[in-house]
Amino acid sequence: MMRGIPLRSWPLATFLLAITCATPEATPSAAAGDRGAELYARHCAVCHGPTGDADTVVAQLLRPRPNAFRHGLFKLVSTANGMPTDDDLVATLRRGMPGSTMMAYDWLPEADLQALAGEVRRLAVQGRAESIHRTATATSRPMTSDQAVAIATAELAPGPALDVGPPLPATAENLAEGERLYGQHCAGCHGSDGRGLPAGADWPTDGTWLWPRDFTAGYLRGDATWRDLALRIRAGMPGAHMPPARLSLEEARSLTTYLKSLIAEEASGHHTQWRRTVRVPRLADLGEAHRARLDRIRLPLAPLWWRQDACSELWLTAAHDGTNLWLRLEWDDATRDDAATPTSTIGDGVAIQFALGNDPPLVAMGSPDRPVNVWRWHAYDPKGLAGMVDLIAPAHLGLDVPLGGVRPRPRAESLALEGTASARRETGSGLPLEVATQWRDGRWTATFRRSLRARATNEVDLEAAAPVLFAFAVWDGRLDAHPGSKAITTWHVLELDP
Ligand code: HEC
Ligand code: HEC
């Protein structure tokens, strides 16, 4: 069954090891001063690979897999030959790709996005050139590397822009025609309502995790503007099993108008991982009465392993009183998982990760030169004595746990992570972090409270004036909970009001 996740039993060690190896390294070919290569090594290589082959250990932990640029196949294109223009690539970088761990990089300056687009293209050309060169050599047609690069450059140059025409109004007639075409050309893969692969559909199980998702819920890799949808229809998605439609321009326009009507206005951008600045108001005190007036901020979550029913959002409420920071996180979770189950090795949990510098690695848990401080809570701690007992006499078998009714205890901790298991330390003494949690009616609420001042050097110090980058992770013990199956946010900016 292709939706089953075969890595359920991956030990934590594997995951931590993965993060160790994930520290981006400079691309060997990166000429000094090459801005694109430098940015790529810093922000992208951890997932897409130093040479663009996406063969990193982190990439193995992600579904869908990061794009292997060396293969020269992209999804979001606006050209007749299926190659992205620089504008296509920059648009992808600006928005990220919702429904995957490709985050939005809109916080980088425009010139940097352009430089990154150039680097992605260079890697694609390099990959293609090497393949051309290999084939030529194997078939005894001598060729220089420069010749191979020239051929690859020409092959991968974006072709003419696809004409999609102006948007067609959503009249009853156009919608009816679009619906007819949709049923004929699209429903077989997308279901009659666009909510994803129809039951029983025969789908390639190549492990890339790229089946049609519920695009009506906003799980669109690209934008949901009329023009973007028209381009997906006319160009298809060359990097996925999404073929270009064989339709006339007029038919494609009716279909686009119908397609747009399936996607609610608010679904567009709903899952986009834009970096947000969270301003934390200062209250006279952190009592209930004062907190009642605070706003909740919605932060989209991206599961590292795609599943349509993964928790997709987290609600954050934040305040401080000049001495303590108070953060409340709320997220949906249909079941409370605080004991070992046949499918879970960790149970439900939540973590807040603070960068201890301004230039953190992306989703990885720190690296020796860029450490992070993680505040974490797990409903079930399999590492404690009680947790071990629970693994031997699992609660789901209805057995009474011996040892005087010891139950696995929830665990809150503040950790300093530098990416490696050995650099994982509990920080502070006497646990200055207070965590309170509650599960009710399919929803977890967790409140974290800590002094603004750090008690140890490897804890985040929130008294300093500078804004701090922070990110979140949620574990759902009900399904596939090996440590790598969490859902994460991108880095956001925490700013305390004076
Ligand atoms: C956390 C891992 C991760 C990081 C870091 C990351 N990406 Fe991605 N990226 C992905 C994934 C996963 C996909 C594939 C999404 C899909 O195919 O649906 C992807 C896809 C892409 C694509 C393909 C677009 C298309 O049209 O198919 C481009 C281009 C891209 N990333 C560029 C970048 C660049 C440039 C950076 C650095 C600024 C970067 N990515 C950083 C995970 C990552
Ligand atoms: C052979 C199966 C197949 C057919 C036929 C097909 N699609 Fe798709 N479509 C896919 C797959 C697979 C994806 C997901 C690609 C990915 O994200 O990796 C997709 C993605 C999409 C998306 C999401 C685009 C985005 O930005 O993520 C839209 C919209 C869409 N298809 C519309 C259509 C329409 C309209 C038709 C009919 C003309 C159609 N598709 C026909 C397989 C198909």
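Residues numbered from 1 in each chain as written. Chains lettered and ligands numbered in written order. Predicted model: local features only at pLDDT ≥ 70, side-chain atom pairs only at ≥ 80, totals over all residues. Heavy atoms only, no water.

Moving on to the confidence of the model for the chain. When pLDDT is averaged across the chain, the result is 83; 80% of the residues are at 70 or more. The low-confidence segment residues 384-407 (pLDDT under 50) makes 34 contacts with residues lying over four places distant or belonging to another chain. (pLDDT = per-residue confidence, 0-100. Contact = heavy atoms within 4.5 Å.)

Protein coordination of the iron atom of ligand 2 is provided by His190 (NE2) and Met242 (SD), with donor distances spanning 2.0 to 2.1 Å. Here the iron atom of ligand 2 is ringed by 6 donor atoms whose angles at the metal span 86 to 178°, and the overall shape comes out octahedral. In this pair, His190 is assigned in helix H9 (residues 187-190) and Met242 in the loop between helix H10 (226-235) and helix H11 (249-262), connecting sequence segments 52 residues apart. Taking the relative accessible area as the measure of exposure, Met242 reaches 23% and is therefore partly exposed. (Donors = N, O, S within 2.8 Å, 3.2 Å for Na, K, Ca; no water. Tetrahedral: all angles 85-135°; square planar, octahedral: opposite > 155°, others 65-115°. Helix = DSSP H or I, 4+ residues; strand = E, 2+ residues; numbered from the N terminus. Buried < 20%, exposed > 50% of the residue type's maximum accessible area, 1.4 Å probe, protein only.)

Turning to the site of ligand 2, a few remarks are in order. The immediate surroundings of ligand 2 are formed by 23 residues, with Cys186, Cys189, His190, Arg221 and Met242 found nearest. In the environment of ligand 2, an oxygen atom lies 2.8 Å from a nitrogen or oxygen atom belonging to the side chain of Arg213. Arg221 places a main-chain nitrogen or oxygen 2.6 Å from an oxygen atom of ligand 2. Judged by the fraction of its atoms near the pocket grid, ligand 2 is located in the second largest pocket. By residue class, the composition of the shell around ligand 2 is 16 nonpolar, 4 polar and 3 charged. (Near = heavy atom within 4 Å. Polar contact = N/O pair within 3.5 Å; in protein donor to acceptor, adjacent residues only side chain to side chain. 1 Å grid on protein atoms, 1.4 Å probe; cavity = no way out; pocket = protein on both sides within 12 Å on 5 of 7 lines; lining within 4 Å. Sits in = over half its atoms within 2 Å of the grid points. Nonpolar A, V, L, I, M, F, W, Y, C, P; charged D, E, K, R; others polar.)

This next bit is on H11. The periodicity of an α-helix, 3.6 residues per turn, causes residues three or four places apart in sequence to face the same way. A rise of 1.5 Å per residue sets the reference length of H11, with its 14 residues, at 20 Å; its end C-alpha atoms lie 20 Å apart and thus fit the reference within 8%. Inspection of H11 places Ala252, Arg253, Ser254, Leu255, Thr256, Thr257, Tyr258 and Leu259 among the buried residues, and these make up the whole buried set. Where H11 is buried, its residues touch helix H8 (172-185) and H10. (Expected span 1.5 Å × (residues − 1).)

To continue, consider the site of ligand 1. Cys44, Cys47, His48, Met102 and Arg221 are the nearest of the 27 residues found near ligand 1. Contact distances for ligand 1 include 2.8 Å between a nitrogen atom and a side-chain N or O atom of His48. A distance of 2.7 Å is found between an oxygen atom of ligand 1 and a side-chain nitrogen or oxygen belonging to Lys75. Judged by the fraction of its atoms near the pocket grid, ligand 1 is located in the largest pocket. At the level of elements, helix H3 (45-48), helix H5 (86-95) and helix H6 (110-138) are the ones that each hand at least two residues to the shell around ligand 1. Looking at the shell around ligand 1 residue by residue, the class counts come to 18 nonpolar, 6 polar and 3 charged.

In this section: the coordination of the iron atom of ligand 1. The textbook angles at a metal center are 109.5 degrees for a tetrahedron of four donors and 90 or 180 degrees for an octahedron of six. Around the iron atom of ligand 1, the protein contributes the donor atoms His48 (NE2) and Met102 (SD), at 2.0 to 2.2 Å from the metal centre. Coordination geometry of the iron atom of ligand 1: the 6 donor atoms subtend angles of 87 to 179° at the metal centre, consistent with an arrangement described as octahedral. Of this pair, His48 sits in helix H3 while Met102 sits in the loop between H5 and H6, and the two are 54 residues apart along the sequence.

Before going further, it helps to spend a moment on the layout of surface pockets. There is about 910 Å³ of room inside the largest pocket. The set of elements that each furnish at least two residues to the lining of the largest pocket consists of helix H2 (35-43), H3, H5 and H6. No other element matches H5, which puts 4 residues into the lining of the largest pocket. Here the residues of the lining of the largest pocket sort into 26 nonpolar, 10 polar and 5 charged. A domain-level breakdown of the lining of the largest pocket finds at least three residues from each of domain 1 (12-155) and domain 2 (172-267). Considered as a void within the structure, the second largest pocket measures approximately 640 Å³ in volume. Along its surface, the second largest pocket is lined by 30 residues, and His190, Phe215, Arg232, Met237 and Met242 are the ones closest to its centre. At the level of secondary structure, the elements contributing two or more residues to the lining of the second largest pocket comprise H8, H9, H10 and H11. (Points joined across faces, edges and corners; volume = space filled by probe spheres on them. Domains from an automatic or database assignment.)

To continue, consider the sheet that holds strand E5 (residues 324-332). Overall, antiparallel pairing links the 5 strands, which are arranged E2-E4-E5-E11-E10 in an open sheet. The strands lining the two open edges of the sheet, one partner per strand, are strand E2 (297-300) and strand E10 (434-440). Each neighbouring strand pair of the sheet contributes to a mean axis angle of 20°, computed without reference to strand direction. Summarising the sheet, strand E4 (residues 313-320) and E5 pair through 6 bridges and their orientation is antiparallel. In the strand pairing of E5, Leu316 is matched with Leu329. (Pairing = 2+ DSSP bridges. Axes fitted to C-alpha atoms, helices over the stretch in contact; angles between N-to-C directions.)

It is worth spelling out the packing of H2 against H6 at this point. One way to put it is that H2 packs onto H6 with a least axis distance of 8 Å and a crossing angle of 85°. Judged by the angle between their axes, H2 and H6 are roughly perpendicular. Between H2 and H6, the residues in contact are Arg35, Gly36, Ala37, Leu39 and Tyr40 and Asp112, Ala115, Leu116, Glu119 and Leu123, respectively. A per-class count over the contact of H2 with H6 returns 6 nonpolar, 1 polar and 3 charged. (Parallel < 35°, antiparallel > 145°, perpendicular 65-115°, else oblique.)

Turning our attention to the environment of Thr216. Within the secondary structure, Thr216 is located in the loop between H9 and H10. By relative accessible area, Thr216 is classed as buried at 10%. With 51 residues separating them in the primary sequence, Thr216 and Ala267 have C-alpha atoms 7.0 Å apart. Ignoring anything within four residues of it in the chain, the contact list for Thr216 reads Asp193, Gly194, Arg195, Leu262, Ile263, Ala264 and Ala267. One polar contact links Thr216 to Asp214, side chain to side chain, over a distance of 2.4 Å.

A full pass over the atoms with the stated rule returns 10 aromatic pairs. Plain terms: the ring middles of Phe69 and Phe74 are 6.1 Å apart, the flat faces sit at 10° to each other, and that makes the pair stacked. Look at Trp377 and Trp444: their rings are 5.1 Å apart centre to centre, the planes differ by 65°, and that puts the pair in the edge-to-face class. Pair noted here: Trp377 is in strand E7 (residues 372-378) and Trp444 is in strand E11 (residues 443-451), with a separation of 67 residues, a long-range link. The exposure class assigned to Trp444 is buried, which follows from its relative accessible area of 1%. Aromatic ring contacts, followed pair by pair, group Phe354, Trp375, Phe470 and Phe472 into a single cluster. Here the guanidinium or amino end of Arg275 rests over the ring plane of Trp107, the centre of that ring lying 3.8 Å away. We note Arg296 situated over the ring of Trp315; from NZ or CZ to the ring centre the distance is 4.3 Å. (Phe/Tyr/Trp six-rings, centres within 6.5 Å; stacked < 30°, edge-to-face > 60°. Lys NZ or Arg CZ within 6 Å of the ring centre and 35° of its normal.)

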